[in-house]
Amino acid sequence: MSAPYNMMEMMICASARLLEDGRTVAVGTGAPCAAAMLAQKTHAPNLMIAFEAGGLAPRLSRMPISVGDSCTFYQADCAASMAEMMTTCARGMIDYAFLGGAQIDQYGNLNSTSVGDYNKPKVRFPGSGGANDFASLCWRTMIMTVHNRSRFVEKVEFLTSPGYLGGPGEREEAGLPPNTGPYKIITDLAILGFDPLSKAIRVESLHPGVSLETVRENTSFELSAVSDLGETAPPLPGELEVLRREVDPEGLIIGRA
Amino acid sequence: MHRQATPNALEDQQFPVSPSLDLPQGGGPLFGDPDPDAARAFFMEKSRAETDKRMGPKEAVERFITDGCYLAIGGFGSNRIPTTVIHEILRARRRDMAFLGHTATHDFQLLCAGHCLNRVDAAYIVGLEARGLSANARRVIQSGEVELCEWTNHALSVRLQAAAAGLSYGLLRSMLGTDTFRRSAGKVVRCPFTGKKFVALPALWPDVAVIHVHEADMFGNARIKGISVADLELSRAAKRLIITTERLVPNLEIRQDPTRTSIPYYLVDAVVHAPFGSYPGNMPYEYFSDEEHLRDWLNAEKDPEEFARFLDKYIYQVADFNEYLQLCGGLDRLRELRDLECLAEG
């Protein structure tokens, strides 16, 4: 019997489990950072966390507010520069990156730039920041997002960061490094992956209590599922304890859900 | 068999040397001239004198920051930022400037509050990371009063690196295939050795950069502790450089440990002594960001009339940065932020 948990805790625990020990991960602030911290404090003590402003392998004592604040290089192995961090991605030494966005399409392309006419947008968002660099250069991109029809859209209004672009082979054709691209999408309903042939998003596991129908109703494009569709394992009591006591004791992230 | 290639033999080569016209090009506006010889002509005239460059923030703005210039701010948006000089830019009512928007957060929020900008090289704008989005910066950008060119954070550091190296362009392996590229001023090129595609990024020489540091001497030899973000490249690429510093140190101290000099004096045009100069931003090893005050900024921005009053109170009716610090709680508040930074326990 598992302890009661909320959806943000579910997303963070599911994301943390995808991070293997001894690997490297680029994270931003918020939920992805919580997932990396949780992984480091549970099954992946040798996970190297990298921040785009230059903080490499810190001992995170608290949740950063900015990917360049002093938490990101607290007791770090190296306080370097943005170029150092980004060229490490370009050299192929960053395994995972976590991204988010206002919109995502069936090939995992992300919009974090604008909605409406580009020159006079209805809504302007921050833009790429380092997201396009991570999505281009890290081996496996992971996306954490809430799941609804306005996020999961047929076509992103601005393609900020590359997923599989227009489909199979398009990343390579554009010049992006081979064998890179989006890997998993962790939402409040399910874990999704990508069909190896079509490169389209597919459902890989449903969170407890969620039906495939619900996931499809909350997605604007046609969504397939793997044949052996299973249930996402709920957070374990031990994971929840570390998450609540050590990772986010003030409930800045998990308190929101 | 191995015929030696002469310049003449290369003229009837089997490989085309003209840039391939079938390769994609970004359609965004290019702010500034990427010609390295134009930059060299400027740097030829730049003073090399190791002289006392200390001045107040107001004088630094009057002398080096002009309407219409291309401005770059060091640090990382709300971390190690030269707030003293940015406030003076607002009070001096500078207009029509171009800006380097590489994770520009509180700095961008301030410059939008003063309507100082009309061109922005944008990698990250209008947001304050985990704190949320700036309502006023969004109004400014969504109104269309600022012309934008899109980039990524890595792209902007590569553009500065190219300029710092005296080249006209740098290369990048991201942006490819995206709208970020299509709205940039980059061009896809093919590698002459491997045939692989990269994005060529035009070198960027900002007219003036302002960088906040931990220690500097009166000549401008400066030390940065912690992450340098893109400031080593920026300090070398900028034509004019204003250093604001937490502490002034004697030149002899610099010379006793020259390994620690991040920025040598000949790059620097002005040295502004600015204790707590990154407030309300974070200054590594000195003080943490004032999250309450930054929240006040975000809240005040929601209503334009309230924001105008807020700006009058904190910027326009304020004589100098010290008065701003007093308004925000003075030494008592700064001591709390210092404790937050220095007593953090892992």
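Residues numbered from 1 in each chain as written. Chains lettered and ligands numbered in written order. Predicted model: local features only at pLDDT ≥ 70, side-chain atom pairs only at ≥ 80, totals over all residues.

## Considering the overall build of chain B
Rules: The helix count covers DSSP runs of H or I at least four residues long, the strand count covers runs of E at least two residues long, and both are numbered beginning at the N terminus. Radius of gyration: over C-alpha atoms. The globule rule applied is 2.2 Å multiplied by the number of residues raised to the 0.38 power. Counting other C-beta atoms within 10 Å of a residue's own tells you its class, since 20 or more makes it buried, 12 or fewer makes it exposed, and anything in between is partly exposed; those C-beta atoms are placed from the backbone. Each residue gets a C-beta atom placed from its backbone, and two residues are in contact if those atoms lie within 7 Å.
Scanning chain B for helices and strands turns up 14 helices and 11 strands. For chain B, the C-alpha radius of gyration of 22 Å lies close to 20 Å, the compact-globule estimate for 346 residues. For chain B, the spread of C-alpha atoms along the three principal axes comes to 80 × 50 × 45 Å. The buried share of chain B, taken over its 346 residues, is 51%. The contacts of chain B with a sequence gap of at least 6 include a subset with a gap of at least 24, amounting to 77%.

## Section: the overall build of chain A
For chain A, the helix and strand inventory stands at seven helices and 14 strands. Taking the principal axes of the C-alpha coordinates as reference, chain A spans close to 45 × 45 × 35 Å. Residues counted as buried form 56% of the 257 residues belonging to chain A.

## Topic: the sheet that holds strand S5 (residues 169-172) of chain B
All names here are of chain B. Rules: One requirement defines pairing of two strands: DSSP has to find at least two bridges between them. Only the stretch in contact is used when fitting a helix axis, every axis being a line fitted to C-alpha atoms; angles between N-to-C directions are given from 0 to 180 degrees.
Strands sit in the order S5-S7-S6 across an open sheet of three strands; the sheet is antiparallel. Edge strands, defined here as strands with exactly one partner in the open sheet, are S5 and strand S6 (187-190). Direction aside, neighbouring strands of the sheet carry axes that sit 45° apart on average. One ladder, built from four bridges, connects S6 with strand S7 (residues 197-202); its direction is antiparallel. Bridging across to S7, Arg 190 finds its partner in Lys 197. This element, helix H7 (residues 153-164), spans S5 and S7 of the sheet and lies at about 145° to S5.

## Notes on the interface of chain B and chain A
Condition: Gly counts as polar in this scheme, as do all residues outside two lists: the nonpolar Ala, Val, Leu, Ile, Met, Phe, Trp, Tyr, Cys and Pro, and the charged Asp, Glu, Lys and Arg.
Listed by partner, the interface residues are 52 residues for chain B and 52 residues for chain A. Of all elements in the fold, only helix H6 (135-142), H7, helix H8 (179-182), S7 and helix H9 (231-237) of chain B reach the threshold of two or more residues within the side of chain B that touches chain A. If you tally residues by element for the side of chain B that touches chain A, the top one is H7 of chain B, at four residues. Residues belonging to the side of chain B that touches chain A are distributed by class as follows: 18 nonpolar, 21 polar and 13 charged.

## A few points about the environment of Leu 23 of chain B
Residue and element names in this part refer to chain B. Assignment of secondary structure puts Leu 23 in the loop between helix H1 (7-11) and helix H2 (36-45). Each C-alpha atom, one on Leu 23 and one on Arg 190, is 8.3 Å from the other, the two residues being 167 residues apart in sequence. Excluding anything up to four places from it in sequence, Leu 23 contacts Val 188, Val 189 and Arg 190.

## A word on the nonpolar core
Selection criterion: Put simply, a nonpolar core is buried Ala, Val, Leu, Ile, Met, Phe, Trp, Tyr and Cys residues tied into one set by C-beta atoms within 7 Å.
In terms of nonpolar packing, the biggest core is built from 171 residues, with Ile 12, Val 25, Ala 36, Leu 38 and Ala 97 of chain A together with Ile 242 and Ile 243 of chain B touching the most fellow members. For this core, the leading source of residues is helix H2 (residues 31-41) of chain A, giving eight residues. Excluding residues that lie within four positions of it along the chain, Leu 38 of chain A makes contacts with Ile 12, Cys 13, Ala 16, Glu 239, Val 242, Leu 243 and Val 247 of chain A.

## Some points on the environment of Gly 116 of chain A
Residue and element names in this part refer to chain A. Relative to the helices and strands, Gly 116 resides in the loop between strand S8 (114-115) and strand S9 (123-124). Sequence-wise, Gly 116 and Asn 46 are 70 residues apart; in three dimensions their C-alpha atoms are separated by 43 Å. Sequence-distant contacts of Gly 116, defined by excluding residues within four places in its chain, comprise Pro 121, Lys 122 and Val 123.

## Re the packing of H2 of chain A against helix H7 (residues 237-247) of chain A
All names here are of chain A. Here is the rule we go by: Crossings are assigned a handedness: left-handed for a near helix turned anticlockwise from the far helix by less than a right angle, right-handed for a clockwise turn.
Running from amino to carboxyl end, H2 crosses H7 at an angle of 115°, the nearest separation of the two axes being 10 Å. You can see that H2 and H7 cross each other, and the crossing is right-handed. Taken together, the residues of H7 that come into contact with H2 (itself represented by Ala 34, Met 37, Leu 38 and Lys 41) are Glu 239, Val 242, Leu 243, Glu 246 and Val 247.

## Here's the deal with the confidence of the model for chain B
Residues and elements named next belong to chain B. Using the following cut-off: Confidence of the predictor at the level of single residues is captured by pLDDT, which takes values from 0 to 100.
Put simply, chain B has an average pLDDT of 94, and 93% of its residues get 70 or more. Note that pLDDT drops below 50 for residues 1-18; the model gives that stretch one contact with residues more than four away or on any other chain. Interface confidence in the predicted complex, given as ipTM, is 0.97; pTM for the same model is 0.95.

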